[in-house]
Amino acid sequence: MWLDAEDVLFERDKLELIELKRNLTADVVMMKYNAAFDENGSPSFTYYRERIVKNHMGFLWEGAVHEVIVPRGDIIYSDIAIAHKSAKQGYSDRNLKIFQKILKERKILSPREKFYYARELYYHEDFGKAIETFESFLSGGKGWIENNIEACRLTAFCHYRMGNRKNALYSLFKSFEYDAPRAEICCDIGSHFMDDGKYQNAIFWFQTALSCRQNPQSGGFVSIDCYGFIPCIQLCVCYDRLGNYKLAEEYNELAGSFKPEAEAYLSNKIYFRER
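As a starting point, this report considers the structure included with it.

Rules and cut-offs
- Residues numbered from 1 in each chain as written.
- Predicted model: local features only at pLDDT ≥ 70, side-chain atom pairs only at ≥ 80, totals over all residues.
- Heavy atoms only, no water.
- Phe/Tyr/Trp six-rings, centres within 6.5 Å; stacked < 30°, edge-to-face > 60°.
- Buried < 20%, exposed > 50% of the residue type's maximum accessible area, 1.4 Å probe, protein only.
- Lys NZ or Arg CZ within 6 Å of the ring centre and 35° of its normal.
- Core = buried A, V, L, I, M, F, W, Y, C linked by side-chain atoms within 4.5 Å.
- Helix = DSSP H or I, 4+ residues; strand = E, 2+ residues; numbered from the N terminus.
- Contact = heavy atoms within 4.5 Å.
- Pairing = 2+ DSSP bridges.
- Expected span 1.5 Å × (residues − 1).
- Salt bridge = Lys/Arg side-chain N within 4 Å of Asp/Glu carboxyl O.

## With respect to the packing of aromatic side chains
- Following the criterion strictly, the structure yields 20 aromatic pairs and no others.
- Their ring planes at 45 degrees and their centres at 5.7 Å tell us that tyrosine 122 and tyrosine 123 sit as a pair that is tilted.
- Taking relative accessible area as the criterion, tyrosine 122 reaches 18% and is therefore assigned buried.
- Taking 5.9 Å as the distance between ring centres and 65 degrees as the angle between the ring planes, the aromatic pair formed by phenylalanine 173 and phenylalanine 176 counts as edge-to-face.
- Owing to a relative accessible area of 26%, phenylalanine 176 belongs among the partly exposed residues under this scheme.
- Each residue in the set Trp2, Tyr33, Phe45, Tyr47, Trp61 and Phe221 is aromatic and connected to the rest through ring pairs, giving one cluster.
- Cation over ring: lysine 85 sits above phenylalanine 37, and NZ or CZ is 4.2 Å from the ring centre.
- A cation over a ring is seen here: arginine 275 above tyrosine 245, with NZ or CZ 3.5 Å from the ring centre.

## Description of the nonpolar core
- Core analysis: the biggest nonpolar cluster contains 36 residues, and Ile189, Phe206, Leu235, Cys238 and Tyr251 have the highest contact counts within it.
- Listed by contribution, the elements that provide at least two residues to this core are α5 (145-161), α6 (165-174), α7 (183-195), α8 (199-211), α9 (229-241), α10 (245-258) and α11 (263-274).
- When sequence neighbours within four positions are dropped, the list of residues in contact with isoleucine 189 reads Leu169, Leu172, Phe173, Phe176 and Trp205.
- Residues Phe99, Tyr117, Phe137 and Leu138 belong to the second largest nonpolar core, which totals 21 residues.

## Brief notes about the pairing of strand β3 (residues 43-53)
- Of all 11 residues in β3, 8 are buried, a share of seventy percent or more.
- Across 9 bridges, the pairing between strand β2 (residues 28-37) and β3 is antiparallel. Note on β3: the bridge partner recorded for tyrosine 33 is tyrosine 47.
- Here β2 hands over to β3 after 5 residues, with glycine 41 in that stretch at a positive phi of 85 degrees.
- Pairing between β3 and strand β5 (residues 222-223): 2 bridges, direction antiparallel. Counted as the bridge partner of phenylalanine 45 is serine 223 from β5.

## A look at unusual backbone geometry
- Residue histidine 56 is not a glycine yet carries a positive backbone phi of 65 degrees.
- Within the secondary structure, histidine 56 is located in the loop between β3 and β4 (75-84).
- The class of histidine 56 is exposed, set by a relative accessible area of 84%.
- Not every positive phi belongs to a glycine, and histidine 66 is a case in point at roughly 50 degrees.
- Relative to the helices and strands, histidine 66 is located in the loop between β3 and β4.

## Section: α9
- Between its first and last C-alpha, α9 extends 19 Å over 13 residues, near the 18 Å set by a 1.5 Å rise per residue.
- Regarding α9, the residues found buried are Phe229, Pro231, Cys232, Ile233, Gln234, Leu235, Cys236, Cys238, Tyr239 and Asp240.
- Turning to α9, the residues buried within the fold contact α7, α8, α10 and α11.
- Phi turns positive, to about 85 degrees, at glycine 243, one or two residues after α9.

## Focus on the pattern of salt bridges
- Within this structure, the stated rule accounts for 19 salt bridges.
- Across the pair glutamate 105 and lysine 101 runs a salt bridge whose closest N-O atoms are separated by 2.7 Å. One end of the pair is glutamate 105 and the other is lysine 101, both in helix α2 (residues 94-105) and 4 residues apart, which spans about a single turn.
- Residue glutamate 105 is classed as exposed on the basis of its relative accessible area, which comes to 57%.
- Connected via shared salt-bridge partners are Asp38, Glu39, Asp225 and Lys259.

Shown next as structure tokens:
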């Protein structure tokens, strides 16, 4: 079993892990990795990682950065969660320098490495080079589906930062080439139209986000609020802007069912009461 230096096992998960160990026969145990938390301490960003692997089966880490063990054999998914409680305030140059060293020495990155190199470029605000690298990764046609979708999303973010809104929207739509729409992408598209004042268009995409279902076992990154709270609170705003205050209030209450302590939901309750 591996843990990062900043990983924490909360009491409930610790007890469940002890119970899991009693009759463990699987080759690989996939566990939730809660990588970010909201103001109330609830997970807001999560995904599954290979967490426990059987000895003597030849499992090895792959990659120079964000190493991975490719699961095989008898794989089980557990709801036991590891919490990544990072204390970092920003991104260091460590990973970027590792990739730059690889490129200098052998000039070839695997598809997975190219994806993470592009992500490092994005984090370091080298948006033009990040776009070029993401597009090279996607054009290679050998990327994992979830990385392809994330590459489209991050390419869009780069275009937004560079002021290319049309290209950003095209990048979000490109993600549909790889799989069914994710709620995260639908919320991004909804926000795009909302910023343009095209509220009916935005409503369509936020409602589509609400219809999406989480599939954490896909291994992709899951922003939990995109599957409930965010589309509801944005639908509230859209309908309010269109003058449909009844529907706006209904969506605010629906948002509150996901996060009853959220400041936006509570502020909206006061707003509707005063109306």
